[in-house]
Amino acid sequence: MQQKLPKILYFIIALIIMIGSILVINNQESATSNGQLTIEILAIDDTVISSKSVNFFKGDTLKQIIEDNFDDVLFESSSFGPYLTGIEGYVTPSDFSTYISIYIDGVYSTVGIGQIDIRDNITITLKVESNQ
Amino acid sequence: MRQLNQMSIYDIVLVAILSAVVFIQEQFLSFLPNVQLTIFLVVLFSRKLGILKTSLIITIHVIIDGLFTSSLGVIYTPFIFVGLITIPVTLNTIFKKVSSTIALSFLGVLYEIIYSWLFLIPFVYILHVDPVTYIIADIPFQLLLASSSFMTILLLYEPSSNLFDLLKIDKTV
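Residues numbered from 1 in each chain as written. Chains lettered and ligands numbered in written order. Predicted model: local features only at pLDDT ≥ 70, side-chain atom pairs only at ≥ 80, totals over all residues.

Caption draft 1: Broad picture of the pairing of strand β4 (residues 81–87) of chain A. All names here are of chain A. Relative to strand β5 (residues 90–91), β4 is paired through two bridges, and the arrangement is antiparallel. From the neighbouring strand, Ile87 faces β5, where its bridge partner is Tyr90. Between β4 and β5, which pair antiparallel in sequence order, lie two residues; one of them, Glu88, sits at a positive phi of approximately 50 degrees. (Pairing = 2+ DSSP bridges. Helix = DSSP H or I, 4+ residues; strand = E, 2+ residues; numbered from the N terminus.)

Dropping the structure here:
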C-alpha cells in the first residue's frame, strides 16, 4: 500500500495537468473589445484571392468573423480546435497535399484559428501552401 | 549489420505487428490532442526488445505516419525520428539501470520535452517563427503530452512488461 500511494498521488497530479491543458487548448479566444482587422486569402502562387477589412465586436471569435465575411467557408472540428479546410472556392484535398496556413502580420502562426488573439489592426493571412 | 542479418522470421513479424500497434493507437487517439501511447510504447519496447528492434519499429512508424498524414519531409520527419530514437538509445545506455516505474514515468516526461523542443529547430529556421512565441504557444500542448506520457507509463508499463515476460518477448535476436 505504501508503494502504491506515491503512484496514486503522481497519477492524480498528472490527471489534473492533463485536464487543465485540454481545457486551455479547447478554449477559443474571443475579442475583448471592438475593432477592425484585415483578412486576406492568398493562393498557392501568392496571388490575392480576397482581401477584406472587417469590423469585429467584443466576444466575436475568429471562426465567426471568417464565416460571416467570406464565402465557401468550411471548418472541421479537430482535437486542436476549429480547422479551416475551405474558403473562397479553395478546398483542402483529402490527401492534404495543400492546406491553409495562417500568418499574423506576416509571421507564421504557431496557434490555430481558435487560439489567435484578436486585436485591433492586425492582418491575418490565410495562405494556401503545398506539402511537397 | 550482423545483428540485422540474424533477425528471424519471428522477429520480423514481431517488429511489423508492434509497428502497426504504434501506428493504430496514434490514429485511434487522434481525436484527443497530444494524447497518445507512443512514448509509453517506445519506452516499453526499448526495455523489452532493445535498441535494434525498437529502432526498426520507430523507423517504420515514422515513415508510415509521415505518408499517412502527408507530413513526410524535412520539416517534421527528421525531428520526429530523432525525438523517438533518443528513447531506445538512452534507455539501453545511460538510463540502463533505471527500473522503477515511477522513474521511467519521469523519463517519459523528459523524452516528451526533448521531442517537443526538437521542433523548435524547424519552426525557427525553416518557418521563421519567433522562438519565444513558439515556446509559449506550445506550453499547453507540451503539458498535455507530458502528462499523458507520464500517466500511461505509470499505469501500463508494469502490466505490459509482465505480459511481454509471459509471452517470452525479449531482446534475443
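Once the structure has been displayed, the description carries forward.
Caption draft 2: Expanded view of the interface of chain A and chain B. Residue-level contacts link 22 residues of chain A with 25 residues of chain B. Elements represented by at least two residues in the side of chain A that touches chain B include exactly α1 (4–26) and β7 (107–108) of chain A. For the side of chain A that touches chain B, the element with the highest residue contribution is α1 of chain A, accounting for twelve residues. Across the side of chain A that touches chain B, the residue classes tally to 15 nonpolar, five polar and two charged. (Contact = placed C-beta atoms within 7 Å. Nonpolar A, V, L, I, M, F, W, Y, C, P; charged D, E, K, R; others polar.)

Caption draft 3: Up close: helix α5 (residues 101–118) of chain B. Taking 1.5 Å as the rise per residue, α5 of chain B with 18 residues should run 26 Å; its terminal C-alpha atoms sit 25 Å apart, in good agreement. Those residues of α5 of chain B lying buried are Leu104, Ser105, Leu107, Gly108, Tyr111, Glu112 and Tyr115 of chain B. Each buried residue of α5 of chain B sits inside an arc of 155 degrees when the element is viewed along its axis, so together they form one side. Looking at the buried residues of α5 of chain B, the elements they touch are α1 of chain A together with α3 (38–68), α4 (77–91) and α7 (131–166) of chain B. (Expected span 1.5 Å × (residues − 1). Buried ≥ 20, exposed ≤ 12 C-beta atoms within 10 Å, placed from the backbone. Arc of directions from axis to C-beta.)

Caption draft 4: Molecular detail of the environment of Tyr108 of chain A. Residue position: Tyr108 of chain A is located in strand β7. On the basis of neighbour counts, which here come to 18 C-beta atoms within 10 Å, the residue Tyr108 of chain A falls in the partly exposed class. Sequence separation of Tyr108 of chain A and Gln36 of chain A is 72 residues, and the distance between their C-alpha atoms is 20 Å. The contact partners of Tyr108 of chain A, leaving out residues within four places of it in the chain, are Ser101 and Tyr103 of chain A together with Leu127, His128 and Val129 of chain B.

Caption draft 5: Summary view of α4 of chain B. Residues and elements named next belong to chain B. Here α4 is 15 residues long and its end C-alpha atoms lie 22 Å apart, about the 21 Å a rise of 1.5 Å per residue gives. Residues of α4 that are buried: Ile80, Gly83, Leu84, Ile87, Pro88 and Leu91. In this fold, the buried residues of α4 make contact with α3 and α5.

Caption draft 6: Spatial organisation of the environment of Asp130 of chain B. Residues and elements named next belong to chain B. Locating Asp130 in the fold gives a position in the loop between α6 (120–125) and α7. C-beta crowding within 10 Å serves as the criterion here: with 14 such atoms nearby, Asp130 is assigned to the partly exposed category. Sequence separation between Asp130 and Leu120 is ten residues; the distance between their C-alpha atoms is 9.5 Å.

Caption draft 7: Focus on unusual backbone geometry. Residue and element names in this part refer to chain A. Despite not being glycine, Glu88 shows a phi value in the positive range, around 50 degrees. Looking at the secondary structure, you find Glu88 in the loop between β4 and β5. Notably, Asn121 is not glycine yet its phi reads approximately 70 degrees, a positive angle. As for its position among the elements, Asn121 is in the loop between β7 and β8 (123–130).

Caption draft 8: Looking closely at the sheet that holds strand β6 (residues 98–104) of chain A. Residues and elements named next belong to chain A. Strand order in the open sheet formed by five strands is β2-β1-β8-β6-β7, with mixed pairing between adjacent strands. The open sheet has two edge strands, β2 (48–56) and β7, and neither has a second partner. Bridge analysis of β6 against β7 gives two bridges, and the strand direction is antiparallel. If you follow Tyr103 over to β7, its bridge partner there is Tyr108. The sheet contacts of helix α2 (residues 62–69) involve β1 (35–42) and β2, and relative to β2 the element is tilted by about 120 degrees. (Axes fitted to C-alpha atoms, helices over the stretch in contact; angles between N-to-C directions.)

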